[in-house]
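Structural characterization, general
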Amino acid sequence: MNDVTSNWIQLEGDFYDKVELYSGVFSNLDDSSRLVSGGNAGLVLVADKLRVTVLTASGEQLSTWKWNNPPQICMGWSTDEEPVFVLEDGTVLIYTLFGTFKTSFSMGQEAKDMKIIAARIFSSSSGTTGVAVLTSTYRFYMVSSLQDHRVRKLYDVVEMKHFTAWCPLTHDRQNRLLLGRGSELLLLSHNDMTVLDIQIGGGLGVESNITKVCLSPSQSNVAVVTESGLLWIGSFTRKLSHYQLDSEVMHLAWCGEDVVFVSLTSGLANLVHISGVVEVMYGVSPIGITQECDGIRLISPGFHDLIHKVSEPVEEIYKIGSMSPGSILLMASQAYNEKSHKADDYIRMIEARLDQAVSQCILAAGALFQPSHQKQLMRAAKFGNSFLQGFASDAFYQQCQTLKILNAVRHYKIGMPLTSDQLAALSKPVLIDRLISRRLFPLAIAICDYLKIPPVDGKSRVLGHWACYKVETSTADEDETARQVSSRLGLNAEISYSDVASKAAQVGKKRLAVKLLEHEVRADKQVPLLLKLGQGAKALGKAIDSGDTDLIYHVILNLQEEHSTADFHMIMRGVKLGASLYTKYCSQHNTAGLQSWLQQEDDWQALAAHSLKESYSSGRIETRLSHLVTTQEYYRKSKNDFNLSVVDETTKLLNHQTKLEEKFGRVYLNLSLHDTVTQLLEEGEYKLADKLRSEFKISDRKYLWLKVRAFGKSKQWSELANLAKSKKSLIGFGPFVDVCIEAGCKDEANRYLVLLNNEDKLRYLMKLEIYSEAAELAYNLKDVEALTSIEVRSVNNFSMLEKVAGLKQKLQSSR
Amino acid sequence: MSRAHLNSGRAKIGDFREMSRANILSILDSIHGNKVLVWDECLTGPVGLVAEYSVLKEHGVSRMFSMSATGLPSVRVDSIVYIIRPNVENCDIIAANIRSEERRGGSGLKMDYHIIFLPKKSLFCEKRLKESGVYGSLTIYELPIYLYPLDTDLLSMELPDSFKELTLEGDPTCIQYAAKALMQLQMVCGIIPRIYGKGAAADRLFRLMLRMKQEMVGFESNIKPQIDSLVLIDRSIDLLSTLPTQLTYEGLIDELFGISQASVKVPADRFGGQQQQQAGDVPQPTAPSSTEMRQVPLNSSEELYQDIRWLNFNAVGPSLSRKARSISAQFQERHEAKTVREMKEFVEKLPSMQAAKQSLGTHTTIAEMVKDKITAEGLMDTLEVEQEILSYVNSDRYLDSVEDLACKDYPLTKLLRIISMQSLVSSGLKPKVLDMYKKLVLQAYGYEHLLTLQNLEKAGFITPHNGQKTFGTLRKRLNLISDIVDEQNPTDIAYVHSVYAPLSVRLVQQLEKPGWRNIRDILDILPGTSFEDTQQIPTHLKNISRPDDQPKVVLVMFVGGCTMAEIAALRFLSQQEDKNVEYLIGTTSIITGSNLLQSLQTDLQPPVF
């Protein structure tokens, strides 16, 4: 049990532990190189003037490449674990883990012209990677994301002094800077500057310039070092403690929220508690230090260590003389394993607090690094849990899972010495991302499967990345690579073959890309890429299979741009759906294109329709007629005799109408044939009407209709009466009555009533409201229904009501 | 309007609506500041079914406008949000809007522009926007709403042009949307185990669904199946059923006034003193004037409407007066209430009684308006001609009655409806008769309708005789024409057109008895393939046993639209006690014969001076 506590350091009431993560590592680093280790047990970036090297936390080299650029002012890791460098002229360079240049951007003109003197790479308030720079003119510029590099200038601090001490402050949902100016602390945002109302001093009243500032992991506490060697610790509103250092500070970092770590040029290091208690450490001279969310990691030649606060359950269990339930449960479990009866005694001691004991052991196991310790604790937890009907099964299971993952990634071959808290901060999906970007595909898949992550987010996704990697690096011939990739991936809708294919296209392996795309099930991803790869015909086929018209249009317009008209028409001809969509598009947006396409296709019918439309879209009669001539030609070609005759008639009518307009100065154009004739009749131009009638072969019956309606409308009652004289009408005499009623001349209507048969006469009598006669007729026709409706309509006419009632009664009695 | 009733059915339409609503609100929330929505006009109504203005307001929408090429009204907001269907015209208008706004310099404030494409982003549109140089100043979103819930049993895609696009332009966009809609519905209501279909468009739709299923491996629905079967009906296998005048109450309202998004606009003056408004979201009209329109919601949450909507109009009057008697009897009870307790019971019933009274007033007024319009539009003449054609007496003759209508300036669309009916009933017209009808139309209404006639021929409405007697066979085998229809107490779906039973619904009915396999010969004389298939359900989602008393739920999906009469017929079938089937209806849009034919017209209008 001793070995758990052997490195513990007591500070105030808390214990801190120094854990040796890896030893025999980083021993060959030379003094001139700089070293930055990423957060959450990230990778280590080592750079000197000539080379950049990426190492794992266990010192295994991942990649190394020659540095051909000017020296870096600052380097670091993005949140996606990519190396980021900031150069003197404000250029930000981003590489992949394996040394491939990815992208770059500039921090603005002023940075470029005036050069920068300091820079910071930080995790922004929204979780993206930000960059802040200080120019030689003492202005700050910032971007809050590497993806969206809009450079924003920070508030201009007019009064220039040396700002050598500054760091980004990213809580409260905004990105600001905390900086030391003289002995003051300032908060700087885009449009504002606040001087913090706190006194940085050691009580002696001696003010001296701030040389270093450092924020605690939660960003609520600040540690400041001044020129005079004072270490000041406080919050944003008040001082917590201070400590006078005896030599110059090399590294300053928070170890958790309560302790500040400083390493000095003298080779000593101090842990300073916020209460003011100090512990001196000897032989600690790190060359790199990383502040984590729950501690600090120190890299020194030969070693990689972690200093962190001993978690409460661990302390409770292992503290000397501890009688905590967890501690006793651990003893009970050990006694049980030794087959000692004491096990029972111990269990009895904590019977009432057994649940607490189990929880303590489970939690403590997660905080320890040695698998043997973890095992002891988990065994104890299991032992205790067996008395509790499985109360903590879930927590137990979860912890086993977490430990298995932690131990797997801590292995020196992998080199990710994560603590439980760091894993929680990083999240499991991001851990898998990191494994993927380190190309540790088998481990990533094993973890996904172990965590039962759905294939879309898990195994399939990893395989997709693997495939991209394979495609990029494989030196085998392209067909062979395609075969290898697809045999491993299978026909799997969860894997985006198009992503893999676009990778292949990116590295210039076109044939491979096309082959891979064959396996893609989603047309909306497949088609655009096929187009990019110059596979127009194939893209069109796939787009049509998908039924997605938007995609088809996309392909069609692309093909049109890339091919000569003749070639384009050839391609379209073979594809019915494509052709009809193209026709639709053209008829709305490209009439010239439509004509050439239809001509190509010998589609006379459609061409005729097209020129007919043109004819109607023109205001000039000559243009209209000439389009009609074209239309006729097309209809002749398409052997559509009926339509041809219609266009003939259209032309004839137009000519007539034009003449009529000239002659009478009234509007005739655009009237239908019937309306033209009707208008002539209304105006008394009977001869002209007759002429049109015979020319257009209007039947007698229809002509009679037109006459009746025209005479009615124009109230030519004598003409109407003449029509009725023939005693026999092809359309009956109802329409005669109707037109009179419509013209509001009921008297005229009466004249025709006698010509009607009785049923119609009754109907019209009702319509004319001649109820008395109607009632008699209804009686004669034995139409009770009609009588009733007369009754309803003459509510206020008592004599009528009487009459109808009498007739009704007569009818009923006669029945 | 309360939407609680949407979840009252077996399939949870309300959940489906909720999904769409969450979708739109989350997009709005992701756009910062206060925003103005600029609408593609055809979307205001449909989207309003999913998220009302009041809700949009709560999510930072300060005002709403219709999109217009003349420019944006001047407003001071952070964001302009366009909600549009993905088409080129809309993109061009947006581009013009943004450019003119930039030229104008705006209000000095920098506004952000956003486009929400509904239901789906479009590469084609994005390309267009790029070409007009405004793409950079836009943020693009996609709002995948494919189906709008009109009622507990009715979902519409609100794509009124789908039939035209399919048949005239060969543009299958609506089929793709329908496939997406059905996949989406299955995410919420579970996988539908049995699928049937008839017609080319149905077949295509089914194939696309299979394809999408493949794309979605790994994202399957985890809901137990709420719908037992899906029937896909291609409108083009049954054009005839769209044509006869619909004679149900709801059908007539749609024919005469036009129902959109489950509500109708009618002249407000007829409602007289009735000032109270049921719908909370409809703006309150101030003093009704003669031109003022009143919006009346029409859905099953109103009990009276639920009872009469499906009735033949001739049965509506008696039904309303029965209702009136029962309501006044209820009000009479107050005189009989003696004890305090009886009084209390009466008072508790009061609000619902008052609502019933008001609803009665509304529908009495609407029924009167329908009646007046029937007289005014000479609908009785039309019905006479329709019945003459349907009863198959003068199958293939040039009808004087049609000529009479044409000479009386009868509305063209309605005339075309009648001629189409005759053509479909006779399986095409003799060439001579066909030409005479065409001449009649062209001479009476103008030669500019030539292309419209051509379109109708292409879509299959007015065609030359094909030598078969399809309708004769169908009529006999499926009993499509009933001479004796009891309009008051119907026993068969033929009551919806008084003589004619819609073929589409008859086919759906045959699915239960005797089953499509036994009417193969009938299915084969209709155009397009017919098919049946099953979809695998994961074992853990299978309904172990459906209680016998629970009816089967069948979703009937119409590609190309369906009429209110067809819907009424399906609802009638759902209500039959012995049938044991509950129908859900999906459609690309709700149509009437007139607006269907109108969508097929090519308007040629010479410019006016």
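Buried residues of helix 16 (residues 523–532) of chain A: A523, Q526, V527, L529, L530 and L531 of chain A, and no others. Each element contacted by the buried residues of helix 16 of chain A is listed here: helix 14 (497–506), helix 15 (510–517), helix 17 (536–546) and helix 18 (549–562) of chain A together with helix 8 (200–215) of chain B. Positive backbone phi, approximately 75°, marks G534 of chain A, located one or two places after helix 16 of chain A.

All names here are of chain A. Overall, the coordinates contain 30 aromatic pairs over all chains when judged by the stated rule. With centroids separated by 5.6 Å and ring planes inclined at 35°, the aromatic side chains of F441 and Y469 adopt a geometry described as tilted. With F441 in helix 11 (residues 441–450) and Y469 in helix 12 (residues 459–473), the pair connects residues that are 28 residues apart, well separated along the chain. Here F441 falls in the buried class, since its relative accessible area comes to 7%. Given the relative accessible area of 28%, Y469 is considered partly exposed. Judged by centre distance (6.3 Å) and plane angle (45°), the ring pair of F664 and Y668 falls under tilted. The class of F664 is partly exposed, set by a relative accessible area of 21%. Connected via pairs of aromatic rings, a cluster forms that spans W65, W67, F85, Y95 and F101. The ring of W466 carries R488 above its face, with NZ or CZ at 5.1 Å from the centroid.

This brings us to the confidence of the model for chain A. For chain A, per-residue confidence averages 88 on the pLDDT scale, and residues scoring 70 or more make up 97% of the total. For chain A, per-element mean pLDDT is lowest for helix 1 (residues 2–5) of chain A, which scores 74, and highest for strand 8 (residues 83–87) of chain A, which scores 95.

Nonpolar side chains tend toward joint burial in soluble globular proteins. Ranked by size, the top nonpolar core spans 279 residues in total, and within it L720 of chain A together with F461 of chain B carry the most contacts. Beyond its immediate stretch of four places on either side in the chain, F461 of chain B contacts F163, L239, T242, L243, S420, S423, L424, L456, L596, L597 and L600 of chain B.

Residue and element names in this part refer to chain B. Ordered by their spatial adjacency, 5 strands build an open sheet running 2-1-3-4-5, and the pairing between neighbours is parallel. Of all the strands in the sheet, the pair left with one neighbour each is strand 2 (61–66) and strand 5 (138–142). Averaged over all pairs of adjacent strands, the angle between strand axes in this sheet comes to 20°, irrespective of strand direction. Inspection of the sheet shows strand 3 (residues 79–84) paired to strand 4 (residues 112–117) by 6 bridges, in the parallel sense. Pairing of V81 across the sheet is with H114, part of strand 4.

Our focus in this paragraph is the packing of helix 18 of chain A against helix 20 (residues 576–589) of chain A. Relative orientation and spacing of two packed helices are given, respectively, by the angle between their axes and the distance between those axes. Residues and elements named next belong to chain A. Between helix 18 and helix 20, the least distance of the axes is 10 Å, while the angle of their chain directions is 80°. Comparing their axes, helix 20 and helix 18 come out roughly perpendicular. Residues T549, I552, Y553, I556, L557 and Q560 of helix 18 touch helix 20, and the partners they reach there are L577, G578, L581, Y582, K584 and Y585. A class-by-class count of the residues in the contact of helix 18 with helix 20 yields 8 nonpolar, 3 polar and 1 charged.

This part is about the pattern of salt bridges. All names here are of chain B. What the rule picks out here adds up to 66 salt bridges over all chains. Ionic pairing is found between R21 and E52, a salt bridge with its closest N-O pair at 3.3 Å. Remark: E52 occurs in the loop between helix 2 (41–50) and helix 3 (53–58) and R21 occurs in helix 1 (residues 13–30); sequence separation between them is 31 residues. Across the pair, exposure class does not vary: R21 and E52 are buried alike. Where R211 meets E215, a salt bridge forms, and the shortest distance between an N and an O atom there is 3.7 Å. Residue R211 and its partner E215 are located together in helix 8, separated by 4 residues, close to a single helical turn. Linked through salt bridges whose partners overlap, the residues forming this network are D151, D153, E250, R309 and R571.

What counts as what
- Residues numbered from 1 in each chain as written.
- Chains lettered and ligands numbered in written order.
- Predicted model: local features only at pLDDT ≥ 70, side-chain atom pairs only at ≥ 80, totals over all residues.
- Heavy atoms only, no water.
- Buried < 20%, exposed > 50% of the residue type's maximum accessible area, 1.4 Å probe, protein only.
- Helix = DSSP H or I, 4+ residues; strand = E, 2+ residues; numbered from the N terminus.
- Contact = heavy atoms within 4.5 Å.
- Phe/Tyr/Trp six-rings, centres within 6.5 Å; stacked < 30°, edge-to-face > 60°.
- Lys NZ or Arg CZ within 6 Å of the ring centre and 35° of its normal.
- pLDDT = per-residue confidence, 0-100.
- Core = buried A, V, L, I, M, F, W, Y, C linked by side-chain atoms within 4.5 Å.
- Pairing = 2+ DSSP bridges.
- Axes fitted to C-alpha atoms, helices over the stretch in contact; angles between N-to-C directions.
- Parallel < 35°, antiparallel > 145°, perpendicular 65-115°, else oblique.
- Nonpolar A, V, L, I, M, F, W, Y, C, P; charged D, E, K, R; others polar.
- Salt bridge = Lys/Arg side-chain N within 4 Å of Asp/Glu carboxyl O.

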